[in-house]
Amino acid sequence: MVRIEGSITIRRPVEEVFDFVADERNEPSYNPQMTSVDKATDGPIGKGTIWRATVVSGRRPMPMELEVTDYTRPSRLGTVARMTTADITGSLTFSPEGMDTRMSWTWDLRPKGLLKLASPLFVAIGRRQEKAIWGSLKQRLEVEPNR
């Protein structure tokens with residue numbers, strides 16, 4: 001298992017950041033590796049919501065299923081992502097810092113098959129990718145606050 005952790009401060013209210021991130025359909029707008037997302041379950045977003053997504057790994061599209069495992073608005077969002085190459089379990093926490101939001105992430109990555117041998121590489125790549133993804137989210141929300 002590989003653990004990836006980090007945090008970022010976003011100059012937007014905590015409820016706004018939580019709601020934007022909780023709706024996975026927004027992720028392709030700040031994560032260039034995620035090319036499509038569809039909500040697979042009916043009803044409002046919450047614990048048990050399932051998303052079907054496509055991410056690009058290398059140059060190949062890869063299907064992914066995301067399940068919301070914790071939905072405590074506006075402070076915590078837990079998910080499990082299932083792919084053919086790995087399962088990723090973790091959470092995002094959202095804390096108000098004045099008018100800003102401190103968003104932290106913790107992901108436990110479980111590579112499958114031969115990819116288990118490359119676990120140390122996943123740490124370096126994962127940290128860099130998460131920093132880029134959430135930095136892009138920060139820019140999107142701070143530059144375009146009213147989307």
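Up top is the structure.
So, here is what we can say about the structure in this document.

About the cut-offs
Residues numbered from 1 in each chain as written. Predicted model: local features only at pLDDT ≥ 70, side-chain atom pairs only at ≥ 80, totals over all residues. Heavy atoms only, no water. Helix = DSSP H or I, 4+ residues; strand = E, 2+ residues; numbered from the N terminus. Buried < 20%, exposed > 50% of the residue type's maximum accessible area, 1.4 Å probe, protein only. Contact = heavy atoms within 4.5 Å. Areas by Shrake-Rupley, 256 points an atom, 1.4 Å probe, with all protein chains shown as cover. Pairing = 2+ DSSP bridges. Axes fitted to C-alpha atoms, helices over the stretch in contact; angles between N-to-C directions. Phe/Tyr/Trp six-rings, centres within 6.5 Å; stacked < 30°, edge-to-face > 60°. Polar contact = N/O pair within 3.5 Å; in protein donor to acceptor, adjacent residues only side chain to side chain.

A word on the overall build of the protein
Right, so step 1: Scanning the protein from terminus to terminus reveals 2 helices and 7 strands.
Right, so step 2: Each helix and strand of the protein, ordered N terminal to C terminal, gives the series β-α-β-β-β-β-β-β-α.
Right, so step 3: A burial count over the protein gives 37% of its 147 residues as buried.
Right, so step 4: If you take every contact in the protein between residues at least 6 apart in sequence, the share linking residues at least 24 apart comes to 45%.
Right, so step 5: As displayed, the protein has an accessible area near 8,100 Å², and 52% of this comes from carbon and sulfur atoms.

Looking at the environment of Pro 44
Right, so step 1: Along the chain, the position of Pro 44 falls in the loop between strand 2 (34-39) and strand 3 (50-57).
Right, so step 2: The exposure class of Pro 44 is exposed, given its relative accessible area of 73%.
Right, so step 3: On a C-alpha basis, the gap between Pro 44 and Asp 23 in space is 10.0 Å, while along the polypeptide they are 21 residues apart.
Right, so step 4: Non-local contacts of Pro 44, meaning those with residues more than four positions away in its chain, are made with Lys 39 and Thr 49.

Comments concerning the sheet that holds strand 5 (residues 76-82)
Right, so step 1: Spatially, the 7 strands line up as an open sheet ordered 1-7-6-5-4-3-2, and their pairing is antiparallel. In the strand order of this sheet, the two ends are held by strand 1 (2-10) and strand 2, each with one partner. Sheet twist, expressed as the average angle between the axes of neighbouring strands with direction ignored, equals 20°.
Right, so step 2: As paired elements, strand 2 and strand 3 share 5 bridges and run antiparallel to each other.

Brief notes about the packing of aromatic side chains
Right, so step 1: Enumeration according to the criterion identifies 5 aromatic pairs in this entry.
Right, so step 2: Seen from their ring centres, Phe 18 and Phe 94 are 5.1 Å apart, and the 75° between their planes marks the pair as edge-to-face. Linking Phe 18 in helix 1 (residues 14-22) with Phe 94 in strand 6 (residues 86-97), this pair joins segments that are 76 residues apart in sequence. Per residue, the accessibility class of Phe 18 equals that of Phe 94, and both read buried.
Right, so step 3: Ring plane angle 35° and centroid distance 5.9 Å describe the contact between Tyr 30 and Trp 134, whose orientation is recorded as tilted. In this pair, Tyr 30 is assigned in the loop between helix 1 and strand 2 and Trp 134 in helix 2 (residues 119-143), connecting sequence segments 104 residues apart.
Right, so step 4: What makes Trp 134 buried here is its relative accessible area of 5%.
Right, so step 5: A connected cluster of aromatic rings, assembled from ring pairs, spans Phe 20, Tyr 30, Trp 105 and Trp 134.

A word on the side chain of Thr 101
Right, so step 1: With respect to the helices, strands and loops of the structure, Thr 101 is situated in strand 7 (residues 100-111).
Right, so step 2: Look at Thr 101 and you get buried, because its relative accessible area is 0%.
Right, so step 3: In this structure the side chain of Thr 101 is engaged in a polar contact, spanning 2.7 Å, whose partner is the backbone oxygen of Arg 12.
Right, so step 4: From its side chain, Thr 101 meets the backbone oxygen of Pro 13 in a polar contact 3.4 Å long.
Right, so step 5: Once residues lying within four places of it in the same chain are set aside, the contact partners of Thr 101 are Ile 8, Thr 9, Ile 10, Arg 12, Pro 13, Val 14, Val 17, Phe 94 and Ser 95.

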